[in-house]
Amino acid sequence: MEKRPFITKEQAEQIALKYPTPFHLYDEEGIRENAKRVAQAFSWNKGFREYFAVKANPNPFLMKILHEHGCGCDCSSLTELMLSETIGVTGEEVMFSSNDTPAEEFVKAADMGAIINLDDITQIGVLENILGTLPQKICCRFNPGGVFSISNSIMDNPGDAKYGMTQSQVFEAFRILKKKGVKEFGLHAFLCSNTVSNEYYPMLAKILFELAVRLKEETGAHISFINLSGGVGIPYTPDQEPNDILAIGEGVRRVYEEVLTPAGMGDVAIYTEMGRFMMGPYGCLVTRAINEKHIYKEYVGVDACAVNLMRPAMYGAYHHITVLGKEDAPADHVYDVTGSLCENNDKFAIDRKLPEIAIGDLLVIHDTGAHGFSMGYNYNGKLRSAEILWTADHTAKLIRRAETPEDYFATFDCFDFYEQLAK
Ligand SMILES: *Cc1c(COP(=O)(O)O)cnc(C)c1O
């Protein structure tokens, strides 16, 4: 599918007059329309809730927009819990899906009344010690091990993943928890990241639903929800077919009626924890070409770098690039598009066919709405960019200002930074 930016060159230049590049820009209308489709896709399930995976984009303004469409928050750290609380999302609207969890984070989650998703069987005793008592409702994270395949192609390798409990541990955990007075149970698994396939959720659902039926029969536990977690992907490359969330919801419904309903479990709520699918396509990184270089390859240097978007450097991930104003120009040049880090992997694109780029051109790097800004860092003393919401009525609203050098130096407050420098 052709990838078109959600802004024009003129609009982007207008924004850049007030907020200099680089910046992440988010499409409010796109976020809302998608959130509505997700709700519609699972409307057959009475208790359905999407818990937005906050780590994908921890911006309270965006989290709030999703909350207006019924989404809760999936958190896995103290500050993510605090962000949720700040926007008024607490109690069972918060899923705490953490691992290797520090004690104070369990305390905060319990204080907020969040649903705790236990990553490991050893955490039962830990949690009981920390809280003094176990919550009435608790979730366990399952890891089936092995490899996970869809139509004979290996999608991911749960056996190598640090998350979740083995099958026998899940049974054991349910028995222990039940004995300790837990009343309601949830079951969770995350087997595969960024699946561009309508099959993933239904296949995962089948695994979890069948396990849930056995858990109910063998332990007598009352399972009130099943959490399909994240992993529903987006097409980063133009040749990929986007997921059809309505088909995915329908696929899960079919498995539900085949497995859960006949087992007398037709009241189980379905939860999801999507991050990428909720936000990825509705954000982009807007950056300006500031340098060119002609050596063994042709380079275009932009004013963003890997600290603004780490995925290409970290995973070799593809992010589509559009040169604004040249959407329909022939892609008859080949460039490496680089940032300024003293790291050769700081390249947004390698050997990419693009229209001829002039210094000063604005580039849109697509699909940065999830795991984009949020993976940012400060290497080379680089500063985090602004985040801007492109509202439904096409105005630019600043939802996080750019960092300044003062922000970068702020953690030197153990001594008088400027006084020390003067010595
Ligand atoms: C990262 C994560 C998600 C979201 O994953 P996406 O691929 O962005 O949908 C959901 N749940 C948990 C526990 C995660 O760690």
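Everything numeric in this text was worked out from a predicted model, so none of it was measured.

For helix α8 (residues 200–219), with 20 residues, the first-to-last C-alpha span of 28 Å sits near the 28 Å given by 1.5 Å per residue. Within α8, burial applies to Tyr200, Tyr201, Pro202, Leu204, Ala205, Leu208, Phe209, Leu211, Ala212, Val213, Leu215 and Thr219. On its buried face, α8 sits against β7 (148–150), α7 (167–179), β9 (184–188), β10 (223–227), α9 (245–260) and β11 (269–272).

With that settled, the discussion passes to the packing of α8 against α9. Remark: α8 packs on α9, axes separated minimally by 9 Å, with the N-to-C direction vectors making an angle of 25 degrees. Taken as axis vectors, α8 and α9 run roughly parallel relative to one another. Regarding α8 and α9, the two cross each other, and that crossing is right-handed. Here α8 contributes Tyr201, Pro202, Ala205, Lys206, Phe209, Glu210 and Val213 to the contact with α9, which in turn contributes Ile248, Gly251, Val252, Val255, Tyr256, Glu258, Val259 and Leu260. Here the residues of the contact of α8 with α9 sort into 11 nonpolar, one polar and three charged.

A word on the pattern of salt bridges. With the rule as written, the count across this model stands at 24 salt bridges. A salt bridge links Lys137 to Glu184; the shortest N-O distance between them is 3.6 Å. Taken together, the residues span a long stretch of sequence, with Lys137 in strand β6 (residues 137–141) and Glu184 in strand β9 at a distance of 47 residues. Relative accessible area serves as the criterion here: at 14%, Lys137 is assigned to the buried category.

Time to look at the sheet that holds β6. In spatial order, the strands read β2-β3-β4-β5-β6-β9-β10-β11; together these eight strands close into a barrel with parallel pairing. Taken pair by pair, the neighbouring strands of this sheet meet at an average axis angle of 25 degrees, ignoring direction. Where β9 lies against β10, four bridges are found, and the strand directions are parallel. Each bridged residue has a counterpart across the sheet, and for Leu187 the counterpart in β10 is Ile226. Strand contacts of helix α4 (residues 78–86): β3 (72–75) and β4 (94–97), with the helix running at about 165 degrees to β3, the strand carrying the most contacts.

What follows covers the domain arrangement of the protein chain. If you check the domain split of the protein chain, you get domain 1 (28–280) and domain 2 (281–409). A separation of 32 Å is found between the C-alpha centroids of domain 1 and domain 2. Of the residues lining the interface, 24 residues belong to domain 1; the matching set on domain 2 comes to 22 residues. Of the roughly 2,000 Å² buried at the junction of domain 1 and domain 2 (both faces included), carbon and sulfur atoms supply 57%. Across the domain 1-domain 2 interface, the total number found is zero salt bridges. Linking domain 1 to domain 2 there are 14 residue pairs in polar contact (both at pLDDT 80 or more). Among the secondary structure elements, those contributing two or more residues to the side of domain 1 that touches domain 2 are α2 (28–41), α3 (60–68) and α10 (276–279). It is α2 that provides the largest number of residues to the side of domain 1 that touches domain 2, a total of five residues. The residue inventory of the side of domain 1 that touches domain 2, partitioned by class, reads 13 nonpolar, seven polar and four charged.

The way to describe two aromatic rings as a pair is by their centre distance and the angle between their planes. Enumeration over the complete set of coordinates arrives at 12 aromatic pairs. Ring geometry for Phe96 and Phe106: centres 6.1 Å apart, planes at 75 degrees, overall edge-to-face. Of this pair, Phe96 sits in strand β4 while Phe106 sits in helix α5 (residues 103–111); the two residues are 10 residues apart in sequence, bridging distant segments of the chain. Put simply, the rings of Phe42, Trp44, Phe48, Phe209 and Tyr256 pair up and form one aromatic cluster. Sitting above the plane of the Tyr236 ring, Arg311 keeps its charged end 4.3 Å from the centroid.

So, on to the packing of α2 against α9. Their axes nearest at 8 Å, the elements α2 and α9 cross at an angle of 20 degrees. Comparing the axis directions of α2 and α9 gives the class roughly parallel. In the packing of α2 onto α9, the handedness of the crossing is right-handed. For the pair α2 and α9, the contacting residues are Arg37, Val38, Gln40 and Ala41 in the first and Ile245, Leu246, Gly249 and Glu250 in the second.

Our focus in this paragraph is the site of the ligand. By nearness alone, 14 residues border the ligand, and Lys55, Glu273, Gly275, Arg276 and His371 come closest of all. Residue Glu273 places a side-chain N or O atom 2.7 Å away from a nitrogen atom belonging to the ligand. Measuring from an oxygen atom of the ligand, one finds a backbone N or O atom of Arg276 at 2.8 Å. In the complex, the protein chains occlude 92% of the 390 Å² of accessible area that the ligand would expose alone. Along the lines of polarity and charge, the residues of the shell around the ligand split into three nonpolar, six polar and five charged.

Basis of the calculations
- Residues numbered from 1 in each chain as written.
- Predicted model: local features only at pLDDT ≥ 70, side-chain atom pairs only at ≥ 80, totals over all residues.
- Heavy atoms only, no water.
- Helix = DSSP H or I, 4+ residues; strand = E, 2+ residues; numbered from the N terminus.
- Expected span 1.5 Å × (residues − 1).
- Buried < 20%, exposed > 50% of the residue type's maximum accessible area, 1.4 Å probe, protein only.
- Contact = heavy atoms within 4.5 Å.
- Axes fitted to C-alpha atoms, helices over the stretch in contact; angles between N-to-C directions.
- Parallel < 35°, antiparallel > 145°, perpendicular 65-115°, else oblique.
- Left-handed = near helix turned anticlockwise from the far one by under 90°.
- Nonpolar A, V, L, I, M, F, W, Y, C, P; charged D, E, K, R; others polar.
- Salt bridge = Lys/Arg side-chain N within 4 Å of Asp/Glu carboxyl O.
- Pairing = 2+ DSSP bridges.
- Domains from an automatic or database assignment.
- Buried area = accessible area lost by both parts, 1.4 Å probe.
- Polar contact = N/O pair within 3.5 Å; in protein donor to acceptor, adjacent residues only side chain to side chain.
- Phe/Tyr/Trp six-rings, centres within 6.5 Å; stacked < 30°, edge-to-face > 60°.
- Lys NZ or Arg CZ within 6 Å of the ring centre and 35° of its normal.
- Near = heavy atom within 4 Å.
- Areas by Shrake-Rupley, 256 points an atom, 1.4 Å probe, with all protein chains shown as cover.

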